[in-house]
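The residues making up each chain are set out below.
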Amino acid sequence: MNLYLREGQFDVLVLSGPRITSWPTVGANQISRLCADVGLKVGVFGGAGVSVRGVLKDEAAGGIAFIEDSQKRVHRLEAKAIVKISSQNHFPAPFSGWRSSALIPYSTAKKLIEESQVNWSPSVAILGSGNKALRLGSYFLENGIENVYCIEKTKNRIDQRTTGWEVEKRRFNILGGKILFVSLKGLSKKTSTIWELRVEDELGVRVLEVSRIISVGPFYDRPDFLEYPVGSMLFSLEQTASVNPSDDIEGYYLESERARMLGTRIIKSITVQAQDNQVNKAKVEIESKSAKSRLKQSAAFEEQSFQVPFEGKWLTPQGKKQIQSFAGVPQSVHQNRLVAFAECIEPIVCNLCEQSCPERAIQIQRNPKNQSSFLKEVDCTACGKCLPACPSGAIHMGHDRGDHLNSTLILKQTQQHKFEEGEFVSLLNRRSDLMGKGRILPLPQHLKEYQFSLIAIEVPSHLFWDVRGIRKIKSKYDEMDDLIFSESSQNKNQVAIILENEKRLARDGISLGMAFFEMGHNRLEDSLLCSDGSCGLCDVEVDGVRQLACQTKVRAGMNVKWMSQSDILNKIKESPDRWVCVCQGITQQDIADCFKGSSNLSIESTLSRVPVGQGRCHGQLCEESFREVLSECGQLKQDWIDWRFPWRDWVIYPK
Amino acid sequence: MQHKTDIVLIGTGLAPLISAMGFLSHGKQVVILNPEKDYFSENSEFSLDPLNPVDSELTIEKILENKSADVLNKIKPFFPGIVEYSGLQNTKNKEMENFHDEMAPHVRERARIWVYQKQDLKQKEFFESLYIKCLDNQIKSQMLDSYQVLKFFPGHSGILTEDLSGFVIDDFCDYDVKRFRQGLYDFIQEKLGPDRFINDLSGIELSSKGIKYYSRTAEKRGWSSLMPNDGVYVFWTPKLTQWILKEIKNSNSKITKDDHLVLWENWSLVSRERLDHSIIGCFEDLIVRSEIDGHPGYDAHQNHYRLSVNRPVMKVKAEEYSSTDLDKRVASIESFEQISRLCKNVLNWEKFSIRSFDSQVVFKWHKNQIESYEKYPFPVFTIKGCEGPIPTVLKSVKQVLEMSL
């Protein structure tokens, strides 16, 4: 009886970790390009048909990777350096009741938004205040969710600042989102669709009623990439880029530059012996310095942060002057005609406006001292292309008729409501405070093609520098309209399935895991909604056969039963303990107890006492929260990479 | 500034800890120096005596040494807390008559079965002779055929395809190495304190002025020195080999051509069947049993579906050992094929799931002994044979203590 096993040797292996979307990623491409350019033998493994099962550390440096292809052949590959591209999966430190079906990670939420018809009403809580969290919050608000809260921990954050850009925070505020600086106290179920999230700030405890909680993070500062053990040439790089760069320009930039830095590091370590490599060495050195400098650039907004200074609802005179003197803001042309205002005061790593401008009137300065956008106001023709291009809505157009009663502003239209010409709207400042009323104007002729993405408003001239958003004025008849014009929720694509002996409707062809979310019956085990079934937690019985819900498609007439839950999962549901490892039933207290009487335990010693991550999910659900707990216990293990083999359940069919 | 102490113990694993306990109980001042960041990273101890078939270790003497009650009596004096015993007769009872500390390290009585092909006459002859020796020594044993083997082998699906025979003895044991380690580590660390129990060191140097070392821990980074009054004991494990050969030159401490290193693979598979935890199975060079901690009858957190498979992959002469050889052999095709044979031919599983894997390298000394080196003002001893099954470790430590005290 034979098992097909093939041996191979590489200098560098770039491997896809579990739940990576769109392979190869930006980072994988960068590393492989850099290493291949200097003549190293590079292997890139992942994606459809190729499944990386795990890595064994070498005694010295490098390791052995095990890969299974679609023909079930096993490839055993040795390499001097291995890079694991890891999926982002930020979970907060455990709090009471947090391990429940209500709390889902960002990747799951994104998938549900893109592919499902899940109802998020009435409210959503987002844990985190970085760009991803704020953008997600803005998305929900633009799509009609009434209340969206971004929750940031009070400790470890200076001056109650969000970790995202000011422009994203502004957009979120204008759309009506609320940023709360609180600590999480508990989560409990109120009804079948509503959960109570208890949070506490200096004023006391308050309860937020939400349909779901999305954990986005980041919850602690992360290094650019990890190497563990030190000197082992085994690295982990996080996938921060989306499929579409403009969805998350920051993430794209970060992953790309981090990969460059990591690639140069690997090249220097592996090629240190080569004597005939002077040209490559110089090139690698340039790449390394450039990557480091660009990464430093990307974090510049944290040091040169911009907090909009208010006096009541209005900008302070100094604040106004600061904004007016900003390089992306016109100095004089706006008094004569329409012109663009690129008000992203912080030095952020985004140049989508520059790319969109046909007149090259916007040019992002790469000068380290002046990273802001630079507007050549004379060249700006007010074509309007830059407004929809800016994902944060930081660009608008305006004509300040200071000597007239009213001036004109043109903003990016993102809200669901279709504003009509002549309609009165509430005017909001950068903090979403109500400034007054304005009127919707017809768009200039040359902007008519943007009638669905731009909106022109008449604002009192004295509010020209304060108003940056609008909101529909609610009338008493609005709720009636909702009743009269509510769309039928019947989806023609639905088929009937039997779920736990009851007939249910689910959309044909979607995964069962997603169908559970749409029905409102998602379980804790469905939280990760893996693209590749790697967590192995969501099994169900379909027509008598055990399958993973995330990998099984809905079809008419299927008989679905949930697998009987383990004692541990039942215990988790009954008890609000701070569970960390769901598979092994380990709480935060269990982990803290193992440090009593022992100081400076290494991560391996800790794992031998509490086997976190040795359960069915191989640490995919618990690794991040485990790190948070370790950090809280004073055991800083942020540099740890879990190299335990295998990365996910590996079934082998011997021939 | 140079610190003084009586004894310095250099090494990792249980042996230095047990030695420290012995020295402390006789009023000696002890310092433990460990070059590794994690004290147990080398993983030198086994949770049972493998009776390595490759080494022809399966002898009646070895079987007698591994009787569970005897092993328990050997271990108890060397552990500061309770050591519980889990016998076969009461494994199914959750409630014991007397108090039973579920979290204490356990010595578990298990039966052990060796399975072989019926047509293999050489094996048959070997086990028949062993059976007779067992009878002579009053060890209960049986020779089994076919379906009787099924009843015993852990993880068997109940379907017989190969014609197998078996030999079983009813009194063998395994033990909770992790719990022993943790308990002893916490105890000794508390006794010695961070100043005398030092991990994560580099540059340990022996000289006539004492022992100099560089600590890499954040709290105590920098050079320190010690002057041991009564001696330095170095517990020789593979990771310390280079240091020993470099620092203790021209001594009796050498590697001979009869000394070997054995690479062990430890696989964890998911069993389709609920496992019988009362027996350890052996098939060719594989040792198969259910992975449990503590008392098998204590159901909380017990996963009765994890099958542990241990395999000695290669045995190399210690003087020829290189880490690249190890890389080529660890989790190689031979291992996968051997596991496949186990699952297909013996357990009758159509597929197998790997849950985890790790490897360990241990010495197989021609002679477990203590060697001394007299070059310095203080005696330096290297101890061979301080790894492997816990009783072997205890034997070495006992020799150290008897020699010194």
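For the structure, see preceding data.
Note that the structure is predicted; figures quoted are calculated from it, not measured.

A. Just the overall build of chain A, in detail. Of regular secondary structure, chain A possesses 16 helices and 34 strands. Relative to the globule expectation of 26 Å for 655 residues, the C-alpha radius of gyration of chain A, 27 Å, shows essentially globular dimensions. The principal-axis extent of the C-alpha atoms belonging to chain A is close to 90 × 70 × 50 Å. The buried share of chain A, reckoned over its 655 residues, is 59%. A total of about 28200 Å² of accessible surface is found on chain A, and carbon and sulfur atoms cover 49% of it.

B. Expanded view of the pattern of salt bridges. According to the stated counting rule, one finds 59 salt bridges over all chains in the structure shown. The closest approach of N and O atoms between K268(A) and E285(A), which form a salt bridge, is 3.4 Å. Of this pair, K268(A) sits in helix α5 (residues 249–270) while E285(A) sits in helix α6 (residues 278–298), placing them 17 residues apart in sequence. For K268(A), a relative accessible area of 34% puts it in the partly exposed group. A residue is classified by how much of its surface remains accessible, and E285(A), at 33% relative accessible area, is partly exposed. One salt bridge connects K62(B) with D49(B), and the closest N-O pair in it is separated by 3.9 Å. Of this pair, K62(B) sits in helix α2 (residues 60–65) while D49(B) sits in the loop between β3 (45–46) and α2; the two residues are 13 residues apart in sequence, bridging distant segments of the chain. By relative accessible area, which is 25% here, K62(B) ends up partly exposed.

C. Representation of empty space enclosed by the protein in the model. Residues and elements named next belong to chain A. The final tally for this structure, using the stated rule, is ten cavities of 30 Å³ or more. Volume-wise, the largest cavity comes out at about 280 Å³. Along the walls of the largest cavity sit 19 residues, with I174, G393, K412, R468 and G469 positioned nearest its centre. Taken together, the elements giving at least two residues each to the lining of the largest cavity come down to α4 (166–174), β21 (395–399), β22 (406–412) and β26 (469–472). Looking at which element gives the most residues to the lining of the largest cavity, the answer is α4, with three residues. Residue-level mapping places the lining of the largest cavity at the junction of two domains, with at least three residues from each of domain 2 (103–215) and domain 3 (324–472).

D. Quick peek at the interface of chain A and chain B. Contacts between chain A and chain B engage 37 residues on the former and 37 residues on the latter. Summed over both sides, the interface of chain A with chain B buries roughly 3200 Å², with 51% coming from carbon and sulfur. Taking the shortest distance from any N to any O, the salt bridge between R609(A) and D186(B) comes out at 3.0 Å. Linking chain A with chain B are eleven residue pairs in polar contact (both at pLDDT 80 or more). Elements that contribute at least two residues to the side of chain A that touches chain B include exactly β1 (5–16), β4 (63–69), β5 (74–86), α15 (603–609) and β34 (650–652) of chain A. Looking at the side of chain A that touches chain B, the element that brings in the most residues is α15(A), giving four residues. Along the lines of polarity and charge, the residues of the side of chain A that touches chain B split into 15 nonpolar, 13 polar and nine charged. Across three bridges, the pairing between β34(A) and strand β16 (residues 352–364) of chain B is antiparallel. Across the sheet, the residue bridging to I652(A) is F352(B), located in β16(B).

Basis of the calculations
- In every chain, residue numbers begin from 1 and rise along the written sequence.
- The lettering of chains begins at A and the numbering of ligands begins at 1, in the order of writing.
- Given that the model is predicted, a residue must reach a pLDDT of at least 70 before its local features are reported, and side-chain atom pairs must reach 80 or more before they are shown or counted; all residues, however, enter totals for whole chains, interfaces and linings.
- The side-chain figures draw on all heavy atoms in the structure; neither hydrogens nor water molecules are used.
- Where helices and strands are cited, they refer to DSSP runs of H or I of at least four residues and of E of at least two residues respectively, numbered from the N terminus.
- This radius of gyration counts C-alpha atoms alone. The globule rule is 2.2 Å times how many residues there are, raised to the power 0.38.
- Only protein chains enter the area calculation, which uses a 1.4 Å probe; residues under 20% of their type maximum are buried, those over 50% are exposed, and those in between are partly exposed.
- Shrake-Rupley sampling with a 1.4 Å probe provides the accessible areas, and residues are treated as covered by the protein chains on show and by no other component.
- We define a salt bridge as a side-chain nitrogen of Lys or Arg found within 4 Å of a carboxyl oxygen belonging to Asp or Glu.
- Computed over the protein atoms alone on a 1 Å grid, cavities are sets of points where a 1.4 Å probe fits but cannot get out and pockets are open sets with protein on both sides within 12 Å along at least five of seven lines; a residue lines them when it has an atom within 4 Å of a point.
- Grid points are joined across faces, edges and corners, and a volume is the space filled by probe spheres set on the points.
- What marks off one domain from the next here is an automatic or database domain assignment.
- The contact criterion used is simple: two residues touch if any of their non-hydrogen atoms lie within 4.5 Å.
- What gets called buried area is simply the loss in accessible area from a 1.4 Å probe that two parts show on being joined, summed for both.
- Polar contacts, as used here, are pairs of N or O atoms within 3.5 Å; protein pairs need one atom able to donate a hydrogen and one able to accept it. Residues neighboring in sequence count only if both atoms are side-chain atoms.
- We call Asp, Glu, Lys and Arg charged. Ala, Val, Leu, Ile, Met, Phe, Trp, Tyr, Cys and Pro are nonpolar, and the rest, Gly among them, are polar.
- Think of it this way: DSSP has to see at least two bridges between two strands before they count as a pair.

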